[in-house]
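Residue-level structural notes
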Amino acid sequence: MRRTTTLSTGLASLLLVGAWATVAAGPASAAPAPEATSTSHSKAPASDALIDAMRRDFGLSRAGAEARLAAEEKATAAEPKAKRAAGAAYGGSWFDADSGKLTVAVRTGASAATLASVRDTGASVRTVKYSARQLDAAKARIDELAAPDGVSNWYVDAESSSVVVGVVASQRADNDVRSFLAKAKARAGGSAAVTVEETASAPETFAAGTVGGDPFYTGNVRCSIGFSVHGGFVTAGHCGGAGQGVSGWDRSYIGNIQGSSFPDNDYAWVNVGSGWWTVPVVLGWGTVSDQLVRGSNASPVGASICRSGSTTHWHCGNVLAKNETVNYSQGAVHQMTKTSVCAEPGDSGGSFISGDQAQGVTSGGWGNCSTGGETWFQPINEILNRYGLTLHTA
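Our subject in this report is the structure included herewith. Per chain, residue numbering runs from 1 following the sequence as it is written. In keeping with the predicted nature of the model, local features appear solely for residues at pLDDT of at least 70, side-chain atom pairs appear and are counted solely at 80 or more, and the whole-chain, interface and lining totals rest on all residues. Each side-chain value is derived from all of the structure's non-hydrogen atoms; neither hydrogens nor water enter the calculation.

1. A closer look at the nonpolar core
What counts is decided by this rule: What is meant by a nonpolar core is a set of buried Ala, Val, Leu, Ile, Met, Phe, Trp, Tyr and Cys residues, joined one to another through side-chain atoms within 4.5 Å. Relative accessibility under 20% of the residue-type maximum defines a buried residue, over 50% an exposed one, and the middle range a partly exposed one, all with a 1.4 Å probe and only protein chains included. Think of it this way: any DSSP run of H or I at least four residues long counts as a helix, any run of E at least two long counts as a strand, and we number them from the N terminus. Contact criterion: two residues are considered in contact whenever any of their non-hydrogen atoms come within 4.5 Å of each other.
Of all hydrophobic cores here, the largest spans 28 residues; its most connected members are F227, V234, V293, W314, I380, L389 and L391. Ranked by residues supplied to this core, first place goes to helix α1 (residues 48-58) with six residues. Discounting residues that sit within four places of it in the chain, L391 has contacts with F227, S228, V229, H230, V293, G295, S296, A358, I380 and L384. Counting residues in hydrophobic clusters, the runner-up holds 18 residues, among them A138, V156, F180 and V194.

This is the structure in structure tokens:
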């Protein structure tokens with residue numbers, strides 16, 4: 001890239017990192033940032049900026065924020081062990097912020113030995129009617145239905161041991177919505193319960209028209225660059241199709257979309273060249289310091305999570321649900337994770353991160369960062385596996 005004396009908003013130093021920009025802007029004569037040679041590191045302490053962001057968004061003291069991060073790290077490590085311990089009786093799990101522990105749902109009738117094995121992992125236990133396998137199977141059958149506009153999403157909720165269907169409140173009485181709910185309950189049969197929750201509005205993707213100085217463009221669409229991978233970066237699929245050229249914040253050429261899927265999925269990856277390179281960082285936009293990416297361990301439901309995007313920059317919230325089906329006007333997208341983090345047009349493709357662990361790329365949602373809302377992301381590990389990519393880590 002040619003040398004420039006000014007950078008776009010928020011891109012004054014390390015540009016595209018981690019989830020926003022996996023590439024950094026610099027003069028053509030600059031040497032590329034060195035590639036990471038190992039993904040094994042000791043746990044780095046949370047930065048002051050991250051602690052401050054959690055204090056702002058969660059109303060915590062510094063000690064409270066540090067304690068929550070430590071508890072979430074333990075819960076993330078315990079979750080796969082607890083799932084194995086529960087075996088066929090596993091009903092799902094979530095992080096309980098009040099107790100600071102992982103809670104594991106176990107189907108009623110499980111043996112005392114099974115319950116003890118789950119508790120031995122450090123998790124709390126709650127007995128439920130249905131196993132996760134039953135609930136997932138019921139959701140998969142509901143996935144086969146065509147959903148009307150008034151149905152926003154559906155997902156398995158371990159805490160209520162049910163498949164929850166989100167309905168736009170103003171369309172609750174719509175005949176097509178009522179018909180969908182009846183079919184969903186019939187599909188679930190006696191193997192799972194179906195419950196209904198009202199949402200404020202239907203979800204939409206967060207792409208935007210061109211605005212000068214933002215991280216990347218495909219044609220007249222602006223999105224946020226996602227996590228760096230070796231050889232490129234990942235972002236949202238609705239930002240562009242395979243083969244499209246991608247330009248950076250300064251409109252200089254970055255590369256091409258190598259693979260893209262939307263709807264059904266919402267992910268894409270872009271190769272990087274022409275003077276751009278990848279770095280394992282998520283841009284803090286001056287709200288927090290740029291965050292290093294050290295891995296991609298998935299945080300449990302209930303854990304805190306933060307999002308970086310080119311429109312609304314840095315915001316935090318909680319993981320609300322996993323493996324959710326989201327019904328956009330363009331079609332349903334599966335295996336999404338729902339959060340209480342806000343977002344707005346232009347944030348699409350940006351990074352979701354918990355501590356130093358990459359979680360996924362922003363897809364869409366409802367609401368905004370003035371009044372609040374909910375946002376879904378496509379999990380990062382699914383994208384890496386789909387395209388055979390390797391996350392760039394510090």
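2. Re the side chain of N265
Threshold: Polar contact is the term for a pair of N or O atoms within 3.5 Å; when the atoms are in protein, one must be able to donate a hydrogen and the other to accept it, and sequence-neighboring residues count only if both atoms are side-chain atoms.
Residue position: N265 is located in the loop between β15 (253-261) and β16 (267-271). Its relative accessible area of 12% is what places N265 among the buried residues. A polar contact is formed between the side chain of N265 and the side chain of S261, at a distance of 3.0 Å.

3. Considering the pairing of strand β2 (residues 90-96)
Side chains on a regular strand alternate between the two faces of the sheet. Applicable threshold: When DSSP finds at least two bridges between two strands, those strands are taken to pair.
Burial runs high along β2: six of the seven residues are buried. Two elements, β2 and strand β3 (residues 101-107), share five bridges in a ladder whose sense is antiparallel. Residue pairing in the sheet places Y90 in a bridge with V106 of β3. Connecting β2 to the antiparallel partner β3 that follows it, the hairpin turn spans four residues, and G100 within it adopts a positive phi of roughly 75°.

4. Concerning the state of the cysteines
We count it as follows: Sulfur atoms of two cysteines make up a disulfide when they are within 2.5 Å.
This model, assessed by the stated rule, comprises three disulfides. Covalent S-S linkage joins C223 and C239, the inter-sulfur distance amounting to 2.0 Å. Residues C223 and C239 share a disulfide whose torsion about the S-S bond is about -95°; that sign makes it left-handed. Here the residue C223 occupies a position in strand β11 (residues 221-223), and C239 occupies one in the loop between β13 (232-235) and β14 (245-248), the gap between them amounting to 16 residues. Judged by relative accessible area, C223 falls into the buried class, the value being 1%.

5. Focus: the pattern of salt bridges
Pairs may arise between side chains of opposite charge once their charged atoms sit close together. Going by this rule: Put simply, a salt bridge is a Lys or Arg side-chain nitrogen that is within 4 Å of an Asp or Glu carboxyl oxygen.
As enumerated under the stated definition, the model contains 13 salt bridges in all. Of the charged contacts, one joins E159 and R126 as a salt bridge, the two residues approaching to 3.9 Å between their closest N and O atoms. Taken together, the residues E159 in the loop between β5 (151-157) and β6 (162-168) and R126 in strand β4 (residues 124-128) connect sequence positions 33 residues apart. A residue is classified by how much of its surface remains accessible, and R126, at 36% relative accessible area, is partly exposed. Close ionic contact of R187 with E144 constitutes a salt bridge, the shortest N to O distance being 2.8 Å. On the criterion of sequence distance, the pair formed by R187 in helix α5 (residues 175-188) and E144 in the loop between α4 (132-143) and β5 is long-range, its members being 43 residues apart. By relative accessible area, which is 30% here, R187 ends up partly exposed. Taken together, the shared-partner salt bridges connect D48, R62 and E66 into one network.

6. Description of unusual backbone geometry
The residue after F262, namely P263, is reached through a cis peptide bond having omega -10°. Relative to the assigned elements, P263 resides in the loop between β15 and β16. Of note in this structure, S274 is not a glycine but carries a positive phi near 55°. Checked against the element boundaries, S274 lands in the loop between β16 and β17 (277-278). In the Ramachandran plot, H313 falls in the positive-phi region, its phi being about 65° despite a non-glycine side chain. For H313, the position within the fold is in strand β21 (residues 313-328).

7. Focus on the sheet that holds β4
Threshold: To obtain an axis, a line is fitted to C-alpha atoms, over the contacting stretch when the element is a helix, and the angle between two such axes runs from 0 to 180 degrees between their N-to-C directions.
Read from one edge to the other, the open sheet built from three strands follows the order β2-β3-β4, with strand pairing classed as mixed. Only two strands of the sheet have a single neighbouring strand rather than two, namely β2 and β4. Between one strand and the next, the sheet's axes are offset by a mean angle of 25°, whatever the strand orientation. In terms of strand pairing, β3 meets β4 through five bridges, oriented parallel.

8. Some thoughts on the packing of aromatic side chains
Heads up, the condition is: Geometry of aromatic contacts follows a simple scheme: Phe, Tyr and Trp rings, the Trp one being its six-membered ring, pair when their centres are within 6.5 Å, and the pair is stacked under 30 degrees between planes, edge-to-face over 60, tilted otherwise. Over a ring means this: the NZ of a Lys or the CZ of an Arg is within 6 Å of the ring centre and within 35 degrees of the ring normal.
Inspection of the entire model under this criterion finds five aromatic pairs. Residue placement shows R68 over the ring face of F58; its charged tip is 4.7 Å from the ring centre. Across the ring face of Y217, the terminal group of R251 is positioned such that the distance to the ring centre comes to 3.6 Å.

9. Comments concerning the packing of α4 against α5
The following threshold applies: For this classification, under 35 degrees means roughly parallel, over 145 means roughly antiparallel, 65 to 115 means roughly perpendicular, and everything else is oblique. Take the far helix as the reference: if the near one is turned anticlockwise from it by less than a right angle, the crossing is left-handed, and if turned clockwise, right-handed. Note on residue categories: nonpolar means Ala, Val, Leu, Ile, Met, Phe, Trp, Tyr, Cys or Pro, charged means Asp, Glu, Lys or Arg, and polar means any other residue, Gly included.
For the pair α4 and α5, the least separation of the axes is 8 Å and the interaxial angle reads 140°. Between α4 and α5, the angle is such that the two are oblique. Every pair of crossing elements has a handedness; the one defined by α4 and α5 is right-handed. Only F180, A184, R187 and A188 of α5 make contact with α4, whose side of the interface consists of A138, R141 and I142. For the contact of α4 with α5, the residue count by class is five nonpolar, no polar and two charged.

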